[in-house]
Amino acid sequence: MHLFETSHLFPHPWSLLTSANFQKYPNIHSPHVLTVDILSRSLHPTTGHLHTERLISVTNTSSGPAWVRALLPISDICFFHETSILDVRNQHFEATSTNLSMRTFLTLEETVKMRPGEGGTVFTQTAVVNARGVLSCAARFVEEGAVRSFTNNSAKGRAGLQTVVDALLEQMTDRRLA
Amino acid sequence: MTSISPECNELKKQYDDCFNKWYANKFLQGDTSPACEQIFTLYRACIWKAIKEKNLDQLISDARKEKPFNAANDTSSNT
């Protein structure tokens, strides 16, 4: 098992970050994300929290050494399932996504949280990687590779979110000037 | 952002536009009255058809069982 964690402060209010998050794709930093669909969305009857379930597909551009790709049925497109809970009263957002594809070989679970912090919104990202089955003999190797990918991609992910925040701010400015 | 099924792109765009406006202008201001339900119904029907055709429905069902989306997991108000 391998764990990856990162935390970043966005100098913007939580309301703007969460709005941007729902509109995150497409963005120039995330060309690997192919499709995003909402499977379900509802307001919890007692808590009033917004529950969202999404299906996301990404291109599989890296994924380890040639021998791994040769042995395993790695397809070009991977699917992820994301569930999120948004508590507007307490300003807490949490989303967890996990791979639907290739689960017999590898499980990736990523959790993103957003809450207000001093000077903006704290964005934390945690990923847990587990190699399974036939890959378990090369578990450490595969897991370290996945963590390296996460490290590279998390910076792109934050940059992607920032570009959407900037676009929303620009729209708001245009509306005020109009 | 495109949908898993190109046929659903237009419905998805209409739903996303509706939801994003509702989220920013209503929900964040405390107005939780439902909106976008009609377009969401049409959009969902479209994508679930594609999901079944691509045999993703079983994978999604398994994922839902592994991590049920229910009150037990919805504890963020306690943190």
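Procedures and definitions
Residues numbered from 1 in each chain as written. Chains lettered and ligands numbered in written order. Predicted model: local features only at pLDDT ≥ 70, side-chain atom pairs only at ≥ 80, totals over all residues. Heavy atoms only, no water. Pairing = 2+ DSSP bridges. Helix = DSSP H or I, 4+ residues; strand = E, 2+ residues; numbered from the N terminus. Axes fitted to C-alpha atoms, helices over the stretch in contact; angles between N-to-C directions. 1 Å grid on protein atoms, 1.4 Å probe; cavity = no way out; pocket = protein on both sides within 12 Å on 5 of 7 lines; lining within 4 Å. Points joined across faces, edges and corners; volume = space filled by probe spheres on them.

Caption draft 1: Broad picture of the sheet that holds strand S3 (residues 50–59) of chain A. Residues and elements named next belong to chain A. An order of S1-S7-S6-S5-S4-S3-S2 is seen for the seven strands of this open sheet, with the pairing classed as antiparallel. The sheet terminates laterally at strand S1 (2–10) and strand S2 (33–43), the two strands that pair on one side only. Pairwise comparison of adjacent strand axes, ignoring direction, gives a mean angle of 15 degrees for this sheet. Taken together, the ten bridges between S3 and strand S4 (residues 77–87) define a ladder with antiparallel strand orientation. Looking at the pairing, Thr59 lines up with Ile77 of S4.

Caption draft 2: Local environment of the pairing of strand S6 (residues 106–117) of chain A. All names here are of chain A. Summarising the sheet, strand S5 (residues 92–99) and S6 pair through six bridges and their orientation is antiparallel. Residue pairing for S6: Glu94 is matched across the bridge by Lys113. Hairpin remark: S5 followed by S6, antiparallel, with six residues in the connecting loop; positive phi at Met102, about 65 degrees. Linking two consecutive strands that pair antiparallel, namely S6 and strand S7 (residues 120–131), is a turn of two residues; a positive phi of about 90 degrees is found at Gly119 within it.

Caption draft 3: Structural detail: the layout of surface pockets. Estimated volume of the second largest pocket: approximately 730 Å³. Mapped by element, the contributors of at least two residues to the lining of the second largest pocket are helix H1 (14–22), S2 and helix H3 (139–177) of chain A together with helix H1 (9–25) of chain B. With ten residues, H1 of chain B is the single largest residue contributor to the lining of the second largest pocket.

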